[in-house]
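So you can see what is in the structure, the chains are spelled out below.
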Amino acid sequence: MQVPLYQAKAEFFRMLGHPTRIRVLELLQHGPVPVRDLLADMDIEPSSLSQQLAVLRRAGIVVSTREGSTVTYALAGGDVAELLRAARRILTELLAGRNQLLAELRQTDGCSPPAPAAAAARCSTETGAR
């Protein structure tokens, strides 16, 4: 039985849904990187990195090459880098919208920073802050 496309997409995004995997993909966007350099750029145990790299390799997202004792990883294709850039654009827009909404809320409450001490005290009282 064939998996519906929406289910395959959900499984793909679940596979990407780990911070270590995303960080690895970010580091690989600019070209192949030896495992020792990935370890140097990340606060992670070698065994944990190895597990996450294996998940990405099985999914066909990254490829590895060995030259002597050095194992280097690279993105399997440019589409993953484009997906990461798209995610960055989407997050930037979402966060910009939230910051704008926060500024508007503060302005309508009279709590727009920087607030004078009296206004800050009033804002704290009105919002229930102690």
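Here, the structure is the one placed above.
Residues numbered from 1 in each chain as written. Predicted model: local features only at pLDDT ≥ 70, side-chain atom pairs only at ≥ 80, totals over all residues. Heavy atoms only, no water.

A separate point is the packing of aromatic side chains. Scanning the entire structure with this criterion turns up one aromatic pair. Here Phe12 and Phe13 contribute two aromatic rings whose centre-to-centre distance is 5.4 Å and whose plane-to-plane angle is 75 degrees, an arrangement assigned as edge-to-face. (Phe/Tyr/Trp six-rings, centres within 6.5 Å; stacked < 30°, edge-to-face > 60°.)

On to the nonpolar core, then. The biggest cluster of nonpolar side chains holds 21 residues, and the ones touching the most others in it are Leu25, Leu28 and Val62. Within the residue set of this core, elements represented by two or more residues are helix H1 (5-16), helix H2 (19-28), helix H4 (46-58), strand E3 (70-75) and helix H5 (78-109). (Core = buried A, V, L, I, M, F, W, Y, C linked by side-chain atoms within 4.5 Å. Buried < 20%, exposed > 50% of the residue type's maximum accessible area, 1.4 Å probe, protein only. Helix = DSSP H or I, 4+ residues; strand = E, 2+ residues; numbered from the N terminus.)

This part is about the sheet that holds E3. Taken in spatial order, the three strands make up an open sheet running E1-E3-E2, and their pairing is antiparallel. Every interior strand has two partners, whereas the edge strands, strand E1 (33-34) and strand E2 (62-67), have only one. Taken together, the two bridges between E1 and E3 define a ladder with antiparallel strand orientation. When the sheet's bridge partners are listed, Pro34 is paired in E3 with Thr72. The strands touched by H2 within the sheet are E1, E2 and E3, with E3 carrying the most contacts at an inclination of about 90 degrees. (Pairing = 2+ DSSP bridges. Contact = heavy atoms within 4.5 Å. Axes fitted to C-alpha atoms, helices over the stretch in contact; angles between N-to-C directions.)

Our next topic: the pattern of salt bridges. The final tally for this structure, using the stated rule, is three salt bridges. Across the pair Glu82 and Arg85 runs a salt bridge whose closest N-O atoms are separated by 3.1 Å. Residue Glu82 and its partner Arg85 are located together in helix H5, separated by three residues, close to a single helical turn. With relative accessibility at 38%, the residue Arg85 sits in the partly exposed group. One salt-bridge network, in which partners are shared between bridges, spans Glu82, Arg85 and Arg89. (Salt bridge = Lys/Arg side-chain N within 4 Å of Asp/Glu carboxyl O.)

Quick look at H5 now. An ideal rise of 1.5 Å per residue puts 46 Å on 32 residues; H5 measures up with 47 Å between its terminal C-alpha atoms. Every buried residue belonging to H5 is among Val80, Ala81 and Leu84, and all of these are buried. On its buried face, H5 sits against H2 and E3. (Expected span 1.5 Å × (residues − 1).)

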